[in-house]
Amino acid sequence: MRLLAALALLLFGAATARADIKWEIVKTLPHDTKAFTEGLFIADGLLYESTGLTGQSDIRAMRLEDGKLLRSQAIRADLFGEGITPWRDRIISLTWQTGEGFIWRRKDFKLLKSFRYTGEGWGFTSSAKELIMSDGSAQLRFLDPETQKEKRRVTVTWQGEPVRNLNELEYVDGAVYANIWYSPLIAKIDPTTGAISDWINLASLVADNIGGDSDAVLNGIAWDAKAKLLYITGKNWPRLYALRLSE
């Protein structure tokens, strides 16, 4: 935990002292400790997750009320799965360093097609009009959801300085929430300007779940628009949390 705190301080400087978004735990669900979480979203009353690691990556659907696994689909064994996002009746997924994405039918995980992009794939989310992607840098990419072609980019900043290592993403009421790799913080980002307006500090939950695994970082954000709850977890964490936020 001290390592995570030190890394966060190195990345953001005084930003660690500014986390005005308060939170409380509303519900705790079990989480698969072998799930190297890369993506998370809620749709159709279900919780969808993507996992990483070459030869172990999959996408899965779980019951929102208790986290029970309903179905899963392995990603090709030579690939490292990354972020996922819903679009219409589909799931669009990324891979890490191979520049290959996939489109799946959401109801049964049937693979429909693949597409290409440059650079690395990390986090993924969507607004009503665009797909939004991170690549581990300080930039967010905005893609056309029908063609998957890049339309624009924005650099994410805090107090004028770029914030790198943007990881898992979630679009929430006009803002993009982003995990920062190896940090206990979630950034709230203006998708137009890239400016971070606030932070969520989840250091206590990281401490409760990381154990002795340095790779068990905070990663995974899903917004339940109906209940107004933010679901979060981490790589190989034993628990997944539903949080109520207040500012």
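Provided above is the structure to which this section pertains.
Conventions and cut-offs
Residues numbered from 1 in each chain as written. Predicted model: local features only at pLDDT ≥ 70, side-chain atom pairs only at ≥ 80, totals over all residues. Heavy atoms only, no water. Helix = DSSP H or I, 4+ residues; strand = E, 2+ residues; numbered from the N terminus. Buried < 20%, exposed > 50% of the residue type's maximum accessible area, 1.4 Å probe, protein only. Pairing = 2+ DSSP bridges. Axes fitted to C-alpha atoms, helices over the stretch in contact; angles between N-to-C directions.

K.L.:
Is there a simple way to think about unusual backbone geometry in this case?
P.N.:
Excluding glycine, a negative phi dihedral is what most residues carry, and trans is how most peptide bonds are arranged. Positive phi is not limited to glycine here, since Gln-159 has a value of about 50°. Counting through the fold element by element, Gln-159 comes out in the loop between β14 (157-158) and β15 (161-162). Taking relative accessible area as the criterion, Gln-159 reaches 63% and is therefore assigned exposed. The backbone phi angle of Lys-228 is positive, close to 60°, even though this residue is not glycine. Residue placement: Lys-228 occurs in the loop between β20 (218-224) and β21 (229-234). Classification of Lys-228 by relative accessible area gives partly exposed; the value is 44%.

K.L.:
What exactly am I supposed to notice about the sheet that holds strand β10 (residues 124-126) here?
P.N.:
With antiparallel pairing, four strands are arranged side by side in an open sheet as β10-β11-β12-β13. The sheet is open, and its two edges are formed by β10 and β13 (150-155), each paired on a single side. Between one strand axis and the next, the sheet turns through 25° on average, direction left out of account. Examined bridge by bridge, β10 and strand β11 (residues 131-134) share three bridges and lie antiparallel to one another. Across the sheet, the residue bridging to Thr-125 is Ile-132, located in β11.

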